[in-house]
Amino acid sequence: MSCHRCLPMRSGRRVRKAESMDKKVVVGICAMAKKSNSKPMKEIIKRLENFSRLQVLIFEEDVILNSPVEDWPIVNAFISFFSSGFPLDKAIAYKNLRHPFVVNDLDMQLILQNRPEVYRVLEENNIPHPRYAVLNKDRDPSCLVTETEDSIEINGQFHGKPFVEKPIDAEDHNIYIYFPQAAGGGSTRLFRKVKDRSSVYSHTSRVRRNGAYLYEDFMPTDGTDVKVYTVGADYQHAEARKSPCLDGKVERDQDGKEIRYPVLLSAREKLIARKVVWAFKQNVCGFDLLRANGKCYVCDVNGFSFVKTSGKYYDDCARILGTMMLREVCPTLHIPFPVGPAPEDIPVVPTTSGHMMELRCVVALVRHGDRTPKQKMKMEVKHKMFFELFEKYGGFKNGQLKLKRPKQLQEVLDIVRQLLNTGSFSQDPDLQDKKAKLQQMKLVLEMYGHFSGINRKVQLKYQPKGRPKRSSSEEDDAPRDPSLLLILKWGGELTPAGRIQAENLGKAFRTLYPGGQGQFEAPGLGFLRLHSTFRHDLKIYASDEGRVQMTAAAFTKGLLALEGELTPILVQMVKSANTNGLLDGEGKTSKSQIVVKEKLKSVFNQDHDFTDEDYHKLNATNTLALTNAMDFVKNPQEMCSRIHVMIREITAKIRSLKAELKARDLHLYNGESWELLIRRWSKLEKDFQMKTSQFEISKIPDIYDCIKYDLQHNQKVLQYERAHELFMCSKALADIIIPQEYGITVDEKLHIAQNYCSPFLRKIRSDFLQVVNPNLEDSTTRLDSRYSKGVSSPERFVRTRLYFTSESHIHSMLNMLRYGVLFEAGADKSQWERALSFLDATAELNYMSQIVFMLFEDPSKDIDSDERYHMELHFSPGAYTSCDEPTEPRGMGYRPKHSQQRVDTLDGEKTPQRLASAFQGPLPKRNLRLDAAPSSDLGDISESDMFEHVTTPETSPDSLESITVTEKVSDYCRSLHDKLKSDMDSI
């Protein structure tokens, strides 16, 4: 009897086992037809069907829209997500009715449609995100909003430009980015891609008045957007593309798809991705990651998103999703399923590949482009309105104040206008003496009709005992009332010609990179390919001077083949390094420079020809360019007198031309007014020769600056017959004074150079060390070689750091390289001596002068071998202008030669014997020791140090102890000469 009972029982178990073996987990895809029938979804469904236990069922769109949820198919796992037109409320109702396993939480998808709610969730889960404020007048009518030219304040929360304005509705993609007036103002307007455009630049600077918006800090991401795609908490795929707010041009492949490249995520970023998945309960999720200033931030969470074109991603996604659903559903259906660990995203560290000597790092120090003459006016002021302004902006804290913002300059202009009223002068006799300067100040501040860009600034310095004595002979010992020294600076702006110089040099710079070799006009597609595929770590720094920042932006436009205005490029790609004195020279004048200037002053006010003692005194390092300049000058007093006569002549010529303006249509370059042109030259006429009949040699660079500018840009209008003579005479004096201001003796040159360049040397040392010992937590956007398609060498990676600055840093760096004992003595010194001979013949560091360091690696050599790394030094004295007569030897620098070769100058004359002998023969190798200075003295500056003070450990790897160096001088910038001349003449 029991046996009969047992038999049916065994039979029933076999039936139930057979039924369980036939059971499948039904996966429902509930989305709009456009989404469920998309190529990525089809690819993943095809791979899900390879799971024998899974059955995929796609909900028809008609059923979703028109049938009650009770009539929807019953499924065990539910993949449903919102898109335009999708009834999310019905999907939530179905979930509550049938209780399937939901891959992406549906209630949280309601939050994803509201940007402030998304940021609230990010904040609650300690996920880094940009600082933000919400403006919604409909819900909060009492919201206090204050908008200025450069900021917006919402309920007491201040946001300075640049900032981002996003509609609260996450489905509204009309996002605006507003730029500060200092960078040119205006805004970039982002929208859903239309053909090959995703944004446009507008000159509108005022925020939108209608609607509800979220305002957040703009994050400079070096022109790169990173999109992260998750599948579960442990799998992340990241892709990078050119930021749409850079120039708005969408790069597409031959199939019309936007070009994106897979990149690697750091461990910190993977942790952020995991937290996003958990916080929003979205297993399949896409979000935007901003990498800025060494940190990363989440700025948008989009919910359900698939990678568009990656076979490996489809494989991984289907495997993870299939595993996830089976693990969750099989136990509830009593289906046997071997539960194993979900696949993990194993990190891959790229290795070097390619040529025997592979370019690893490029560091360049570049001077700004052609600019207007720099001008300055000083005036002692005592009026209470200036003291009130000084106190208002906290000038008494440090004893000095800089006013650059449009609002601040407008306040200064208002004061000047008020003081120029007749009543003010009658009440204050002190102002009567300063009437001319106040009128000039008013004229300068009213230039252009508005305050924008970085082209004017006012400095105020507190003088507690009034103006100091001008000399020891001044007898007035009476106590003086406190006063302010007002310094107005203007000019020094990058010209249209300067923009062309910078942009063309950026194009030429591509030829330094793999695949970019060739003539200047070659497109440099190898470099553009390297950069666009995220195998190029590019960061650009500039000092806080407007001409330097705009030069960097124009250079970047040419380098990366960008389109459109410079303002978006400046804000996103160019970082200001003034926080730690890396590139700014203001306030760095040392006692040595003061001593040097006094030496120069004494020599130049001698009324006799230069003696042998003078040659020895001024040219202690015996450079050829300085000797040639002194030979040309002969008697410095006579030369200064000759120049002063010509200054009077050109000033008179300008006055006569101004008188003819009514009869003749005469226009000056770049919109300069005739009144300012007269004041520019008349001020030099007045200041150059002092009352003692001696000459103020500190004005010689200004004289050379002015005549060079006017000869280049205004000579067709001025028609001054002796313009070229004035140019040659002032240039000869400037060729002596300017380089010698940075030291006459070797000790002086090194002392002054250290004062300017020590932070920069620490930074480039850090740049090279990072190449040799890369930081795996670096936030650099890098190609992920596992997912890349169509990239022949996905592991190649080049680090580029570009530093834009003024002439002072170029002089100081050259002095440091020449005299700083950075190079070990070798058996054959001829190569280095030939390079120094070129520098000896270089009289001037012109606009766009540059020093370039290139570090190469030979992966075939042992890691500890001295031959594994190889460095080249490139130098160019900059771009020619139409008034230059270059004497430096032509050619592509000092490459090894198999036979003797004659080097000629531009006019066909043979190079002087001293130089010719230096250009012959093969080039030996020399060694550069990066550890020549003790770490405690030199230190490192990392990328994060540019923005906050961080203590980093000292590193001195043995592998970098000795690096092979080839010194050579490149003049690819000078190959632009003819093109630049024609471009400048046409402007």
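For every chain, the first residue of its written sequence is number 1, and the numbers climb from 1 along that sequence. With the structure being a predicted model, the display of local features is reserved for residues of pLDDT at least 70 and the display and counting of side-chain atom pairs for 80 or more, all residues being used for whole-chain, interface and lining totals. The basis for every side-chain value is the complete set of non-hydrogen atoms in the structure, without hydrogens or water.

- The name given to the protein in an unreviewed UniProt entry is Inositol hexakisphosphate and diphosphoinositol-pentakisphosphate kinase, with the source organism recorded as Littorina saxatilis.
- UniProt positions are given in the numbering used here, feature names are shortened, and annotations may be inferred rather than shown by experiment. The UniProt entry for the protein carries this comment under Sequence similarities (unreviewed entry): "Belongs to the histidine acid phosphatase family. VIP1 subfamily."
- Taken verbatim from the UniProt record of the protein, the Subcellular location (unreviewed entry) comment is "Cytoplasm, Cytosol".

## Some words on the pattern of salt bridges
Here's step 1: By convention in these notes, a salt bridge is any Lys or Arg side-chain nitrogen within 4 Å of a carboxyl oxygen on Asp or Glu. By the definition in use, this model includes 55 salt bridges.
Here's step 2: Among the ionic pairs, Lys731 bridges to Glu844, the shortest N-O distance being 3.0 Å. With Lys731 in helix 27 (residues 723-740) and Glu844 in the loop between helix 30 (830-841) and strand 28 (850-857), this residue pair connects regions lying 113 residues apart in the sequence.
Here's step 3: Given the relative accessible area of 16%, Lys731 is considered buried.
Here's step 4: Buried means the residue's accessible area, taken with a 1.4 Å probe over protein chains only, is under 20% of the maximum for its type, while exposed means over 50%, and partly exposed covers the values in between. On the basis of relative accessible area, Glu844 is assigned to the buried category, the value being 13%. The helix count covers DSSP runs of H or I at least four residues long, the strand count covers runs of E at least two residues long, and both are numbered beginning at the N terminus.

## Quick look at the nonpolar core
Here's step 1: What is meant by a nonpolar core is a set of buried Ala, Val, Leu, Ile, Met, Phe, Trp, Tyr and Cys residues, joined one to another through side-chain atoms within 4.5 Å. Membership of the largest hydrophobic core comes to 83 residues, with the highest contact counts inside it found for Ile643, Trp674, Trp681, Tyr803, Met813 and Phe853.
Here's step 2: Two residues qualify as a contact provided that any one of their heavy atoms is within 4.5 Å of a heavy atom in the partner residue. Aside from chain neighbours lying at most four places away, what touches Phe853 is Cys361, Val362, Val363, Ile764, Phe768, Met813, Leu817, Met871, Glu872 and Leu873.

## Some details on the sheet that holds strand 7 (residues 151-154)
Here's step 1: The strand order across the open sheet built from three strands is 6-7-8, with neighbouring strands paired in antiparallel fashion. Both outer strands of the open sheet, strand 6 (145-148) and strand 8 (157-160), are each paired with one neighbouring strand and no more. Going across the sheet, the axis of each strand differs from the next one's by a mean of 10°, ignoring polarity. Any two strands are treated as partners once DSSP identifies two or more bridges connecting them. With axes taken as lines fitted to C-alpha atoms, and helix axes fitted only over the stretch in contact, angles between N-to-C directions fall between 0 and 180 degrees.

## What about the packing of aromatic side chains?
Two aromatic rings are characterised by how far apart their centres lie and by the angle between their planes.
Here's step 1: Two aromatic rings, drawn from Phe, Tyr or Trp (for Trp, its six-membered ring), form a pair once their centres lie within 6.5 Å of each other, and the interplanar angle then sorts them: stacked below 30 degrees, edge-to-face above 60, tilted otherwise. The tally for this structure, following the rule as stated, stands at 30 aromatic pairs.
Here's step 2: A centroid spacing of 5.9 Å and a plane angle of 50° characterise the contact between Phe59 and Phe78, whose relative ring orientation is tilted. One end of the pair, Phe59, is in the loop between strand 2 (54-58) and helix 4 (61-66); the other, Phe78, is in strand 3 (residues 77-80), and 19 residues separate them in sequence. In terms of burial, Phe59 and Phe78 fall into one category: buried.
Here's step 3: Grouped by ring-pair contacts, the aromatic residues Phe163, Tyr176, Tyr178, Tyr213 and Tyr215 constitute a single cluster.
Here's step 4: Above the ring of Tyr847, the side-chain terminus of Lys708 is found at 5.1 Å from the ring centroid. Lysine NZ or arginine CZ positioned within 6 Å of the ring centre and within 35 degrees of the ring normal marks a charge as sitting over the ring.

## Comments concerning the pairing of strand 18 (residues 295-303)
Here's step 1: Counting buried positions over the nine residues of strand 18 gives seven, a clear majority of the element.
Here's step 2: Here seven bridges tie strand 17 (residues 284-292) to strand 18, and the two strands are oriented antiparallel to one another. Within the sheet, the bridge partner assigned to Arg291 lies in strand 18 and is Cys296.
Here's step 3: Turn length for the strand 17-strand 18 hairpin, with the two strands adjacent in sequence and antiparallel, is two residues, and the turn residue Asn293 shows positive phi of about 55°.

## A look at the pairing of strand 11 (residues 187-194)
Here's step 1: Alignment of strand 10 (residues 175-178) against strand 11, held across four bridges, turns out to be antiparallel. Bridge pairing in strand 11 places Ile175 opposite Leu190.
Here's step 2: Of the strand pairs in this sheet, strand 11 and strand 12 (residues 197-202) are connected by five bridges, and their pairing is antiparallel. Note that in strand 12 the partner of Val194 across the bridge is Arg197.

## Quick look at helix 12 (residues 406-419)
Here's step 1: Here helix 12 contains 14 residues, and its C-alpha end-to-end distance of 20 Å stays within 8% of the 20 Å for a straight helix at 1.5 Å per residue.
Here's step 2: Listed in full, the buried residues belonging to helix 12 are Pro406, Gln408, Leu409, Glu411, Val412, Leu413, Ile415, Val416 and Leu419. Each helix should span, by expectation, one fewer than its residue count multiplied by 1.5 Å.

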